[in-house]
Amino acid sequence: MEHHVKTCHGSVSVVVYGDQEKPALITYPDVALNYLSCFQGLFLCPEAVSLLLHNFCIYHISPPGHEFGAAPVCSNDPSPSVEDLADQILEVLNFFSLEAVMCMGITAGAYILSLFAIKHKERVLGLILISPLCKAPSWSEWFYYKVVSNLLYYYGMSGLLKDIFLQRYFSKEARGSSEVPERDVVHECRRLLGERHGSSLMRFLEAVNKRHDLTDGLRDLKCRTLIFVGDQSPFHSETLHMVTALDRKYSALVEVQACGSVVTEEQPHAMLIPMEFFFMGFGLYRPGRVSDSPRSPLSPSCISPELLSPESLGIKLKPIKTRVPTKC
């Protein structure tokens, strides 16, 4: 069910899945994406459905103007800042009478949720961040996306801009080449990008391009945090910086090989086992039977012994490569 929540910084679309009596998990997508183009791959996995919907009610929050059927944003409306977008999340939680929630975000969405967690620590149970941003943009990144904003203004979502955004989201292998066609997930994302209004994308992109550094705030963050990043993500180095800023007692990193930024779409199965053990720390478990397949990634026989150690969330199964800080 879709709700339009009026906030001090405009209306926000929230799509709710599941039993609202269960704990809440909120999602926030990257620039130019919404919940379908960002999280559908993960939520279509039967194992993920049993793990997530068994334990949570899902609240998919879309940035203003990114929801399906959104009207073009009025040019007279003030552009929200990243602080405004984080404050919208608080208003959404209050609208649904939610207390502490689990959060899942991708890249720019991960930044917004991290900022929200820093500002409202008591409202966040844990963070699942995929290829997150945490630093202020470099001069080259700022200039690059300033050019992208200008292209959106003059030409809308052209074929060139679709390619630019797809490079942000997916690995080179997934995007294909002149000899190898792009994967279905990339083709579908390309189609969905064509439905976005340039004015809405510009506002979100400009907000993210003016973001500030979260490093100092992250050092004081004590909620449990699970971070995924593809080894071909343009934000790989920034993700590693974020891991060094977080308290190692509360955080873990999973690197996914041969993958871009949007792990939830390109390699969603790589997330299942780490998430299951992450949720165990909160006393949350999947049902006893996940699927009829003996090859289920969540089958106990497929779990590496290292995962049984409380010091580690990593696994040895390909395509995942983990980096877990060693204790001093």
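Cut-off values and rules
By convention here, each chain's residues receive numbers from 1 onward along its written sequence. For a predicted model such as this one, the threshold for reporting local features is a pLDDT of at least 70, and the threshold for listing and counting side-chain atom pairs is 80 or more; totals across whole chains, interfaces and linings nevertheless cover every residue. Note that the side-chain values use all heavy atoms of the structure and ignore hydrogens as well as water. UniProt positions are given in the numbering used here, feature names are shortened, and annotations may be inferred rather than shown by experiment. Helix numbers and strand numbers start at the N terminus; a helix is a DSSP run of H or I with at least 4 residues, a strand a run of E with at least 2. When a residue's accessible area, from a 1.4 Å probe over protein chains only, is under 20% of the maximum for its type it is buried; when over 50% it is exposed; and in between it is partly exposed. Residue contacts are counted whenever heavy atoms from the two residues lie within 4.5 Å of one another. With residues, only the protein chains shown are counted as cover, and all accessible areas are computed by Shrake-Rupley using a 1.4 Å probe. Between N-to-C directions, angles cover 0 to 180 degrees, with each direction set by a line fitted to C-alpha atoms, over the stretch in contact for helices. In this scheme the handedness of a crossing depends on how the near helix is turned from the far one: anticlockwise by less than a right angle means left-handed, clockwise means right-handed. The residues that make up patches have over 30% relative accessible area and no salt bridge, and they are joined within 9 Å when like-charged or within 5 Å when they are Val, Leu, Ile, Met, Phe, Trp or Tyr. Salt bridges are counted wherever a side-chain nitrogen of Lys or Arg sits within 4 Å of a carboxyl oxygen of Asp or Glu. By definition, two strands form a pair when at least two bridges between them are found by DSSP. Roughly parallel covers angles under 35 degrees, roughly antiparallel covers those over 145, roughly perpendicular covers 65 to 115, and oblique covers all other angles. The directions from the helix axis to the C-beta atoms are what the arc is built from.

An unreviewed UniProt entry lists the chain under the name Pollen-specific protein SF21, from Capsella rubella. Under the UniProt heading Sequence similarities (unreviewed entry), the entry covering the chain gives this text: "Belongs to the NDRG family."

**Some words on the overall build of the chain**
When helices and strands are counted, the chain shows 13 helices and 9 strands. Within the chain, the fraction of its 328 residues that count as buried is 56%. Considering only intrachain contacts with a sequence separation of at least 6, the fraction spanning at least 24 residues in the chain is 79%. Accessible area for the chain stands at about 14,500 Å²; split by element, carbon and sulfur atoms hold 54% of it.

**Points about the packing of helix α5 (residues 139-155) against helix α6 (residues 159-169)**
In the contact formed by α5 and α6, the axes pass within 10 Å of each other and the chain directions differ by 145°. Note on packing geometry: the crossing formed by α5 with α6 is left-handed. Two secondary-structure elements touch here, α5 through Tyr144, Tyr145, Val148, Leu151 and Leu152 and α6 through Leu160, Leu161, Ile164, Phe165 and Arg168.

**Describing a nonpolar patch on the surface**
A grouping of Trp139, Trp142, Phe143 and Val147 is seen on the molecular surface, where their side chains present a nonpolar patch of about 450 Å² in accessible area. Mapped onto the fold, Trp139 is located in helix α5.

**Concerning the pairing of strand β8 (residues 251-256)**
In terms of burial, β8 is largely enclosed, as 6 of its 6 residues are buried. Neither face of β8 is exposed, since Ser251, Leu253 and Glu255 on one face and Ala252, Val254 and Val256 on the opposite face are all buried. Here strand β7 (residues 224-230) runs beside β8; their pairing, made up of 6 bridges, is parallel. Within the sheet, the bridge partner assigned to Ile227 lies in β8 and is Leu253.

**What about the packing of α6 against helix α8 (residues 184-193)?**
Where α6 contacts α8, the two axes come as close as 10 Å, and the packing angle between them is 130°. Classified by the angle between their axes, α6 and α8 sit oblique to one another. Relative to α8, the crossing made by α6 is right-handed. Of the residues in α8, those in contact with Lys162, Asp163, Phe165, Leu166 and Tyr169 of α6 are Val186, Cys189, Arg190 and Leu193.

**A closer look at α8**
Residues of α8 that are buried include every one of Val186, Cys189, Leu192 and Leu193, and no others. One face of α8 carries all of its buried residues, which in axial projection span an arc of 120°. Looking at the buried side of α8, the elements it contacts are α1 (35-43), α6 and α7 (172-175).

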